[in-house]
Amino acid sequence: MMKYIVVGLIVFIVYVSFAGSTSPYTLATATIISGVLSALTAKYLVVDERKLMEPWRLLVLIYYFFKYMTIIEFKAHMDVVKRTFTMDIKPGIVKVPVNAKSRYARSLIMGSITNTPGTVVVDEKDDYFYVNWIYVSSPDPLEAKKAISEEFENFAVKIFD
Amino acid sequence: MSRRIIILILLFTATLIASFTATIILNPATPSELKGLAKYYVLNTINETASPEAVTAIVWDYRGLDTIYETLVLYLAIVGGLAMFKMSEEALLKTRIGLTLLSKTSTKIVALLIASIAAAIVFHGHLSPGGGFPGGSAVAVASMIIIPVFAAGTLIEKGVSSTKLVAIRGAALTALGLVALLPVVKGLEIVTNQRFYPASILGLPISGSLSLYNLFESLAVASGFTAIALYLSIPEEAHKGGSGA
């Protein structure tokens, strides 16, 4: 039941903010649409309903969002800006192990890696990501993980695993 | 290194100067007065069609008959397109792998967001810019990212078949035609709006037939484009091998 409520709520919020109005007509159609869409899609979107009952996961996600968008992104951008001017690059593809189990955690790690400039996930196989990296400081998977995705993974495991 | 920086700064300055000069010299003056026809629509749309959105009112009311024939033309085009693909869904069932688990996860979320926004476009089409065709196309975008990511075979297994999609499209178009024809029963012209359909239901503004047209048009467009996308994802070998029906 919880999954239908949560998915419906997301649809409701997106619908109302996109329509940009809180008139009775918008709210009435939003209720119908969120009911229909969550009935159709919730079973594909939510695998483990119990995790939705743990609100601290959401708090960690919000904290991570702000930390990622400000500090982590800023550092990564500054690094790439510096490398653009100095052309001090050593590009290559490294193998990075992932321990997170759930697909949402993995997607968050992948998105975080790709969205920071300088690193792009190009493939995923078994328990490894293949990351195209602007400056390969070490080809060793564990060393590379420390430099690329360890922080992301710690957060992702707390939020989704 | 220093030459690189100088070139970058020069380029940046040149772009800034160019865009400022272009804005000042080419400044397209906004007309201070509306032309007669535009004035007519601005002043009368809300009274004659019960819709504040003049574009939708023109498309489905003032020139409603034209739009309905246009929809029919698109319907025939899609039927023609589908008829050109000689295939059975067995060929599609072989394609089941799709992209990585990560792409699938993100696509699920994105598709849900696209669907929510598409619904907002459709259901506010008679109140703000939007409507049946843009909303239906947005749904089609969602299905066009779902099909390659999850592979057509997986969707067919889940019960999404092109036969069903074409059936939805046919039903939506029939409903659209009925909305246009119903006023004739009461002796009014075809595609009559305000003299036959109510402007609001339970106090909610629906602008008469405009919201109905938008709803059915969006269903027709979404299912039609999804069916085409499904057919386009047939692997090439299926065509060559002649394994089609």
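Predicted model, so just to flag it, every value in this text is computed and none were measured.

Chemist: Explain helix α9 (residues 162-185) of chain B to me, please; I cannot follow it from the model alone.
Modeler: Helical geometry note: an α-helix holds 3.6 residues per turn, so side chains three or four residues apart project in the same direction. Residue and element names in this part refer to chain B. With 24 residues, α9 extends 35 Å from end C-alpha to end C-alpha; this agrees with the ideal 34 Å at 1.5 Å per step. Along α9, the sharpest kink reaches roughly 30 degrees, centred on Val 179 and followed within four residues by the proline Pro 183. Residues of α9 that are buried: Ser 162, Leu 165, Arg 169, Gly 170, Ala 172, Leu 173, Ala 175, Leu 176, Val 179, Ala 180 and Pro 183. Gly 187 occupies a position one or two residues after α9 and carries a positive phi of about 80 degrees.

Chemist: Got a minute to help me understand the interface of chain A and chain B in this structure?
Modeler: Interface size, as often reported, equals the accessible area lost upon joining of the parts. Listed by partner, the interface residues are 28 residues for chain A and 27 residues for chain B. In total, chain A and chain B occlude about 2400 Å² of area from one another, counting both sides; carbon and sulfur atoms represent 79% of this. In this structure, the connection of chain A to chain B is made through zero salt bridges. Put simply, chain A and chain B have four residue pairs in polar contact (both at pLDDT 80 or more) between them. Considering every element that reaches the side of chain A that touches chain B, the biggest residue donor is helix α2 (residues 24-45) of chain A, with ten residues. Partitioned by chemical class, the residues of the side of chain A that touches chain B number 19 nonpolar, five polar and four charged.

Chemist: Would you mind showing me how to read the packing of aromatic side chains here?
Modeler: By convention here, two paired aromatic rings are described through the distance between centres and the angle between planes. Residue and element names in this part refer to chain B. For the coordinates displayed, the defined rule picks out eleven aromatic pairs over all chains. Ring centres of Tyr 40 and Tyr 41 lie 6.0 Å apart, and the angle between their planes is 70 degrees; this geometry places the pair in the edge-to-face category. Its relative accessible area of 37% is what places Tyr 40 among the partly exposed residues. Look at Tyr 41 and you get partly exposed, because its relative accessible area is 21%.

Chemist: For this particular structure, what's the right way to read the sheet that holds strand β2 (residues 119-125) of chain A?
Modeler: As a general point, the strands of a sheet are linked pairwise by backbone hydrogen bonds and lie either parallel or antiparallel. Residue and element names in this part refer to chain A. Here three strands make up an open sheet; going across it, the order is β1-β3-β2 and the pairing antiparallel. Single-partner strands in this sheet number two, and they are β1 (92-97) and β2. Neighbour to neighbour, the strand axes of the sheet diverge by 30 degrees on average, direction disregarded. Bridging between β2 and strand β3 (residues 128-133) involves six bridges; their strand directions are antiparallel. Across the sheet, residue Thr 119 finds its bridge partner in β3, namely Trp 133.

Chemist: I would appreciate a short explanation of the domain arrangement of chain A in the present structure.
Modeler: All names here are of chain A. What the domain assignment reports for chain A is domain 1 (2-52) and domain 2 (56-160). Relative to domain 2, the C-alpha centre of domain 1 lies at a distance of 31 Å. Facing the four residues of domain 1 at the interface are five residues of domain 2. Summed over both sides, the interface of domain 1 with domain 2 buries roughly 360 Å², with 38% coming from carbon and sulfur. When residues of domain 1 are sorted by the area they lose upon contact with domain 2, Leu 45, Val 47 and Lys 51 head the list and together hold 91% of the total. At the boundary of domain 1 with domain 2, the tally comes to zero salt bridges. At the boundary of domain 1 and domain 2, one finds three residue pairs in polar contact (both at pLDDT 80 or more). Taken together, the residues that form the side of domain 1 that touches domain 2 break down as three nonpolar, no polar and one charged.

Chemist: What exactly am I supposed to notice about the nonpolar core here?
Modeler: As a rule of thumb, soluble globular proteins bury nonpolar side chains together. Among the nonpolar cores identified, the biggest contains 25 residues, and Val 94, Ile 109, Ile 113, Phe 129 and Val 131 of chain A are the most heavily contacted of them. Listing elements by their share of this core, those giving two or more residues are α3 (56-86), β1, α4 (103-115), β3, α5 (141-148) and α6 (150-160) of chain A. With 14 residues, the next largest nonpolar core counts Ile 78, Leu 82, Leu 155 and Tyr 231 of chain B among its residues.

Rules and cut-offs
Residues numbered from 1 in each chain as written. Chains lettered and ligands numbered in written order. Predicted model: local features only at pLDDT ≥ 70, side-chain atom pairs only at ≥ 80, totals over all residues. Heavy atoms only, no water. Helix = DSSP H or I, 4+ residues; strand = E, 2+ residues; numbered from the N terminus. Expected span 1.5 Å × (residues − 1). Bend = angle between axes of the 7 residues up to and from the residue. Buried < 20%, exposed > 50% of the residue type's maximum accessible area, 1.4 Å probe, protein only. Contact = heavy atoms within 4.5 Å. Buried area = accessible area lost by both parts, 1.4 Å probe. Salt bridge = Lys/Arg side-chain N within 4 Å of Asp/Glu carboxyl O. Polar contact = N/O pair within 3.5 Å; in protein donor to acceptor, adjacent residues only side chain to side chain. Nonpolar A, V, L, I, M, F, W, Y, C, P; charged D, E, K, R; others polar. Phe/Tyr/Trp six-rings, centres within 6.5 Å; stacked < 30°, edge-to-face > 60°. Pairing = 2+ DSSP bridges. Axes fitted to C-alpha atoms, helices over the stretch in contact; angles between N-to-C directions. Domains from an automatic or database assignment. Core = buried A, V, L, I, M, F, W, Y, C linked by side-chain atoms within 4.5 Å.

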